[in-house]
Amino acid sequence: MASIYELDGRVPVLKAIPFGLQHVLAMFVANITPIIILANVVGIGTETSSALIQNCMIIAGIGTLVQLYPIWRIGSRLPIVMGISFTFLSLAIAIATTQGMGTLMGAVIVGGLVEGCLGLFPNQWTKLIPHVVAATVVTAIGFSLLPIGANSFAGGQGAADFGSATNWIIGSVTLLACLVTQVFARGFLRSLSVLVGLAVGYALSICMGAVDFSALNKVDVVALPSFMPFTPEFRLDAILAIVCVYLVSATETIGDTSAICSGALGRNVQNREMGSSVACDGFVSTVAGLFGCTPITSFSQNVGLATMSKVINRSTIAVGAAIMIIGGLFPAVGTILTTIPQPVLGGCTIMMFGSILFAGFGMLAKSGFSQRNMIIVSLSLSVGLGFTQATGLFAIFPKIVQTVFAENCVAVVFLLAVLLNLILPKEKEV
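For clarity, every value in this text was computed on a predicted model and none was experimentally measured. Position numbers for residues start from 1 in each chain and track the written sequence from start to end. Predicted model: local features are reported for residues with pLDDT of at least 70 only, side-chain atom pairs are reported and counted for 80 or more only, and whole-chain, interface and lining totals are derived from all residues. Values shown for side chains rest on all heavy atoms present in the structure; no hydrogens or waters enter the calculation.

So, on to the overall build of the protein. Counting its secondary structure elements, the protein contains 17 helices and two strands. In this description the radius of gyration comes from C-alpha coordinates, and the expected globular size is given by 2.2 Å times residues to the power 0.38. Here the C-alpha atoms of the protein give a radius of gyration of 21 Å, agreeing with the 22 Å that 2.2 N^0.38 yields for 430 residues. Every one of the 430 residues in the protein was classed for burial, and the buried ones make up 57%. About 17,600 Å² of surface is accessible on the protein, with carbon and sulfur atoms providing 68% of the total. Helical segments are the DSSP runs of H or I of at least four residues, strand segments are the runs of E of at least two, and each set is numbered from the N terminus. Throughout, exposure labels follow a simple rule: accessible area from a 1.4 Å probe, protein chains only, divided by the maximum for the residue type, with under 20% read as buried, over 50% as exposed, and the rest as partly exposed. Computed with the Shrake-Rupley method and a 1.4 Å probe, the accessible areas treat only the protein chains shown as cover for residues.

Turning our attention to the nonpolar core. The nonpolar side chains of a soluble globular protein tend to be buried, and buried together. Residues belong to one nonpolar core when they are buried, are Ala, Val, Leu, Ile, Met, Phe, Trp, Tyr or Cys, and are joined through side-chain atoms within 4.5 Å. One finds L38, I74, M101, L104, I129, I242 and I260 to be the most contacted residues of the largest nonpolar core, which totals 83 residues. The greatest single-element share of this core, amounting to 14 residues, is contributed by helix 9 (residues 236–265).

Turning to the packing of helix 9 against helix 10 (residues 271–290), a few remarks are in order. Lines fitted to C-alpha atoms define the axes, with helix axes restricted to the stretch in contact, and inter-axis angles between N-to-C directions lie between 0 and 180 degrees. As a packed pair, helix 9 and helix 10 sit with axes 9 Å apart at the nearest point and diverge in direction by 135°. Taken together, the axes of helix 9 and helix 10 lie oblique to each other. Relative to helix 10, the crossing made by helix 9 is right-handed. Taken together, the residues of helix 10 that come into contact with helix 9 (itself represented by Y246, S249, A250, T253, I254, T257, S258 and C261) are E273, M274, S277, V278, D281 and S285. Three classes are used: nonpolar for Ala, Val, Leu, Ile, Met, Phe, Trp, Tyr, Cys and Pro, charged for Asp, Glu, Lys and Arg, and polar for all others, with Gly counted as polar. Taken together, the residues of the contact of helix 9 with helix 10 break down into six nonpolar, six polar and two charged. Working rule for angles: under 35 degrees goes down as roughly parallel, over 145 as roughly antiparallel, 65 to 115 as roughly perpendicular, anything else as oblique. Crossing handedness: left-handed means the near helix sits turned counterclockwise from the far one by under a right angle, and right-handed means the same turn made clockwise. Residue contacts are counted whenever heavy atoms from the two residues lie within 4.5 Å of one another.

Here T251 lies in helix 9. For T251, the residues in contact, after removing those within four places along its chain, are V137, V410 and F414.

This next bit is on the environment of M101. As for its position among the elements, M101 is in helix 4 (residues 101–119). On the basis of relative accessibility, which here comes to 7%, the residue M101 falls in the buried class. Between the C-alpha atoms of M101 and I44, which are 57 residues apart in sequence, the distance is 9.5 Å. Beyond its immediate chain neighbours, meaning those up to four positions away, M101 contacts L38, V42, I44, A96, F230 and G292.

Have a look at this one:
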């Protein structure tokens, strides 16, 4: 029997289900939230919104399967979980509200092809991303995720009960359950620490009346995915804007791919893997556009889960992808998962996000502490993390610059790290 801690081999389905489900629960809400926000802002009807949520789950499942089991050079063959990206949300809202959903989908389709083709030729650009640059980006991803976990812990940004005693209790108990399982459990139960925390937190939430099951009364039993719910329209300005953000998404995927290799597999990422991962990111995003969804990308929280649990078996994570696809075909599955309260998710993800940060520190240590590396890392992180926290700092720049950089520290860190690596003379190393 193949081990769940080995990349290849088959694991019995019954043994794989809880590990696959753990990955789905870690990313489920984040996967459907972008499309929910977009639908609410644009004013898409309830029936269409429900169909888009289904499509998001199916696309996430397909994208994950392609990463696990590549088609030609599309897919990295690494335990990477894919989902709908938050990175595109603000620009997607801007395009959809001014030019319509058809124009947005046209831009998503074309932009995905551009990123996908970029991933097919990794040797042409991966030389720009040496180990110290990848380590800096992974560290930035870890830092950028910490507020997301904290906001979920408190109830979700904008929630009426944000920071309430109930949310503190639920989040703390969930986190404690994860921690106790991770420290004291043995064998495969230890690797399920996040799922144990979710189960404990969810049970407590039900007892405290914090779970709303009313949505289950309005759900169809089976529903097929809706193909091309919006007729694509192709406008150059929208396409160019989306392509810029696709490059940012590629940056995040490169960081996640590096993190999964360093933190979960214990080795450096290969150029081929970076390119294939980006190719999957792009081409599956094109498919997402055909189903009315915004682009897809790798999910850092699942990288953190793999890094922390060391469960990297591809067939096991493929079970999670199958659960997402089934959830898209059977809406009740997805609806049940949406009832998980934010504090439960926050309690589980805090430590997962920290594990990405830890992986970044490990990569930085392997890069060495030369003066040149010190400048690249310290300046990239201080500017990237600092400038994006200063509201209004990018106000003098064009809208596209604000969209790509103002609230995306990973993009700023990546750009600055690449530029510094190209500019700083090699002889400065000691």
